[in-house]
Amino acid sequence: PFDVLVIGGGPAGAAAAVYAARKGVRTGVVAERFGGQVLDTMAIENLISVPHTEGPQLARALETHVRQYDVQIMAAQAATALSAVDGGFRVDLASGAALTATSVILSTGARWRKMGVPGEDQYLNKGVAFCPHCDGPLFKGKRIAVIGGGNSGVEAAIDLAGLVSHVTLIEFDSVLRADDVLQRKLRSLPNVSVITQARTTEVLGDGTRVTGLRYEDRQSGAVRDVALEGIFVQIGLVPNTDWLKGTLALTPRGEIEVDAHGATSLTGVFAAGDCTTVPYKQIVIAMGEGAKASLAAFDHLIRLPLS
Ligand code: FAD
C-alpha cells in the first residue's frame, strides 16, 4: 500500500506529491490528465516568480518536478470510488484495478461550466475566458461581456469594469441573482450595461479571435449582436467530486469541506485545490494547498499507532 496516495495531477496534486515524496514515504499519484486545467490554459502571468509561462509548459514542469522524486505516477487513470478499509483506504479505478493507501489526498480539481454554444470552444483562449483574475489584464481597454448574473458574474463584471472600456453583463433570467450590495455597486459603474432575459446563442469571431456575441432576447425573440473582444463565462465552476458523494462531507455545490489543515470529514483523507471549499481557484493557491494537505497527511501518518 501507499503511505500517501494523491488523486489528481494538477498543481495541487503535483505539490502534494513532491511534499510527500520529500518525506521519504511511499507516494503515488493517480491522474486522468496530468497537468489538469493548466493544460487548457495559454498565457499564465500570475504564478508568482514566473512572470510568464504557457499552460502546456507549466504542465510539463509540474510532471518533471514530480518525476525527480520516487513517486509512482498512474496517468490516464480515473478514480471511481473511495472507501475505508482496515488500516486505511481503498481507491477503485475505472480500469477495474484498486489501490490501497494509509492516507489519501484528493486534488481532482474542477471544471468551468460552458455555455455550449457554437464558437465557444473554437475561441477558447482567443477571447473566450473563464477567470477574471487570470485573463482580465489581457482585455485592458477592450470591450467584453460577462455571461451570468450570479455572484461570480457580477463580481467579475465589477472587477473587469476597472480594466476594460465596457462590460456587457448578460443574464438568462429576468433578474440578477447576485447579492444586492454587488448589484448596487454594478449599477453605479458608468461603463457597464446589463441585459437580462438574454440567451447567448453564438460566439462570433473572424477565424482567429472573438469579434462579438449573438443573443436572443427571450421576451421578443429578436436576435441581436454585440461587438466586443472578450467573453467571460461565469455560469459555474463544478468540482470533480461526483464520485465522492456519500463518502465524505461535500457542500451542496459539491466542494469537499476541508479545515485549515486540508483535513476532510474522513480522518486520514485530505483535500486540496479547486475541488475544495478553499476560496479563489488559482494555480498559486492550489499549489500551496497541496503542500499543506501533504504536510497534514504526514502529521497524520506519524501519529498512527505502531502495527
Ligand atoms: P486541476 O488543475 O483541475 O487538476 C485536477 C486533476 O485531477 C487533473 O489531473 C485531472 O485529470 C484529475 N482528476 C479529476 N478527476 C479525477 C478522477 N476521478 N480520478 C483521477 N484523476 C482525476 N489559474 C491561475 O492561477 N492563473 C491563470 O492564468 C489561470 N488560467 C486559467 C485558464 C483556464 C482556461 C482555466 C480553465 C483555468 C485557469 N486557471 C488559472 C485556474 C487554474 O488552472 C486552477 O485553479 C488550477 O489548475 C487548480 O488546480 P487543481 O490541482 O486543484 O485542479
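Reference entry: report on the structure contained in this document.

Further remarks concern the sheet that holds strand S14 (residues 198-205). In a beta sheet, neighbouring strands pair by backbone hydrogen bonds and run either parallel or antiparallel. Taken in spatial order, the three strands of this open sheet run S14-S15-S16, and their pairing is antiparallel. Each of the sheet's edge strands pairs with one partner strand only, and the pair in question is S14 and strand S16 (223-227). Going across the sheet, the axis of each strand differs from the next one's by a mean of 25 degrees, ignoring polarity. Where strand S15 (residues 210-217) meets S16, five bridges bridge the pair, whose relative direction is antiparallel. Looking at the pairing, Leu213 lines up with Val226 of S16.

Quick look at unusual backbone geometry now. Excluding glycine, most residues fall at negative phi; most peptide bonds, likewise, are trans. One non-glycine residue, Ser49, lies in positive phi territory at about 85 degrees. Relative to the elements of secondary structure, Ser49 occurs in the loop between strand S3 (43-44) and strand S4 (53-54). For Ser49, a relative accessible area of 72% gives the class exposed. For Gln197, which is not glycine, the phi dihedral falls at a positive 55 degrees. Here Gln197 lies in the loop between strand S13 (192-195) and S14. The class of Gln197 is partly exposed, set by a relative accessible area of 22%.

We now examine the environment of Ala178. Assignment of secondary structure puts Ala178 in the loop between strand S12 (166-170) and helix H5 (180-187). Sequence spacing of Ala178 and Cys131 is 47 residues, and the spatial spacing of their C-alpha atoms is 18 Å. Other than its neighbours up to four places away in sequence, Ala178 contacts Gly149, Gly150, Asn151, Val154 and Gln183.

Let's shift gears to the sheet that holds S13. What the five strands build is an open sheet, ordered S10-S17-S11-S12-S13; its pairing is parallel. Two strands close off the open sheet at either side, each with one partner strand: strand S10 (128-129) and S13. Direction of pairing for S10 relative to strand S17 (residues 230-233): parallel, over a ladder of two bridges. By the bridge assignment for S17, Ala129 is matched with Phe232. Docked against the sheet, helix H4 (residues 151-161) engages strand S11 (143-147), S12, S13 and S17, running at close to 170 degrees with respect to S12.

With that settled, the discussion passes to the pairing of S14. Relative to S15, S14 is paired through seven bridges, and the arrangement is antiparallel. Each bridged residue has a counterpart across the sheet, and for Ala198 the counterpart in S15 is Asp217. The hairpin turn running from S14 into S15, its antiparallel successor, is four residues long, and Gly207 in that turn takes a positive phi close to 100 degrees.

Okay, the nonpolar core next. Membership of the largest hydrophobic core comes to 25 residues, with the highest contact counts inside it found for Val4, Val29, Phe34, Val66, Val71 and Ile105. In contact with Val4, other than residues within four places in its own chain, are Ala20, Val25, Arg26, Thr27, Gly28, Ser103, Ile105, Ala297 and Leu301. By size, the runner-up hydrophobic cluster in this structure holds 24 residues, among which are Met74, Leu250, Ile256 and Val278.

Right, let's get into the pattern of salt bridges. Under the counting rule described, the total for this entry stands at 16 salt bridges. One salt bridge in this structure joins Lys114 and Asp121, with 2.8 Å as the shortest N-O distance. The partly exposed category is assigned to Lys114, whose relative accessible area is 41%. Ionic contacts of the salt-bridge type, sharing partners, join the residues Glu202, Arg214 and Asp225 into one network.

Checked against the element boundaries, Thr251 lands in the loop between strand S18 (237-239) and strand S19 (269-271). Judged by its relative accessible area of 18%, Thr251 falls in the buried class. In this structure, Thr251 is in contact with Glu257 and Thr277, ignoring residues within four places of it in sequence.

To continue, consider the site of the ligand. The full set close to the ligand counts 35 residues, and Arg33, Gln37, Asn46, Ala79 and Ile283 are the nearest of them. One of the backbone nitrogen or oxygen atoms of Ala12 is found 2.9 Å away from an oxygen atom of the ligand. Gln37 places a side-chain nitrogen or oxygen 2.8 Å from an oxygen atom of the ligand. Surface burial for the ligand is 95%, taken as the share of its 1,000 Å² of free accessible area covered by protein chains. Going through the elements one at a time, helix H1 (11-21), strand S2 (27-31), S3, strand S9 (110-112) and helix H6 (283-302) are the ones with two or more residues in the shell around the ligand.

A few words on the packing of aromatic side chains. When we look at a pair of aromatic rings, we describe it by the centre distance and by the angle of the planes. The full count for this structure, using the stated rule, is two aromatic pairs. For the pair Phe139 and Phe232, a centre-to-centre distance of 5.4 Å together with 75 degrees between the ring planes defines the contact as edge-to-face. Of this pair, Phe139 sits in the loop between helix H3 (132-135) and S11 while Phe232 sits in strand S17, and the two are 93 residues apart along the sequence. Residue Phe232 is classed as buried on the basis of its relative accessible area, which comes to 0%. One cation-aromatic arrangement involves Arg218 over Phe172; the distance from NZ or CZ to the ring centre is 3.8 Å.

Procedures and definitions
Residue positions are counted from 1 within each chain, in the order its sequence is given. Side-chain atom pairs in this predicted model are given and counted only at pLDDT of 80 or more, local residue features only at pLDDT of at least 70, and totals for whole chains, interfaces and linings cover all residues. Only heavy atoms go into the side-chain values, all of them from the structure, while hydrogens and water stay out. Here, strands pair whenever DSSP counts at least two bridges between them. Secondary structure elements follow DSSP: runs of H or I of four or more residues count as helices, runs of E of two or more count as strands, with numbering from the N terminus. Lines fitted to C-alpha atoms define the axes here, with helix axes fitted over just the stretch in contact, and angles between the N-to-C directions of these axes take values from 0 to 180 degrees. Exposure is judged per residue with a 1.4 Å probe applied to protein chains only, and the accessible area is read against the type maximum: over 50% gives exposed, under 20% gives buried, and values in between give partly exposed. Whether two residues are in contact is decided by their heavy atoms: any pair within 4.5 Å suffices. Side-chain atoms within 4.5 Å link the members of a nonpolar core, which is a set of buried Ala, Val, Leu, Ile, Met, Phe, Trp, Tyr and Cys residues. Salt bridges are defined by distance alone: a side-chain nitrogen of Lys or Arg within 4 Å of a carboxyl oxygen of Asp or Glu. Residues are classed as near a molecule or strand on a simple rule: at least one heavy atom within 4 Å of it. Residues adjacent in sequence count toward polar contacts only when both atoms are side-chain atoms; beyond that, a polar contact is any pair of N or O atoms within 3.5 Å, and within protein one must be able to donate a hydrogen and the other to accept it. Exposure was quantified through the Shrake-Rupley algorithm and a 1.4 Å probe, taking into account, for residues, occlusion by the shown protein chains and nothing else. Working definition: a ring pair exists when centres of Phe, Tyr or Trp rings (six-membered ring for Trp) sit within 6.5 Å. Plane angles under 30 degrees give stacked, over 60 give edge-to-face, the rest tilted. Both a distance and an angle decide whether a charge sits over a ring: NZ of Lys or CZ of Arg must be within 6 Å of the ring centre and within 35 degrees of the ring normal.

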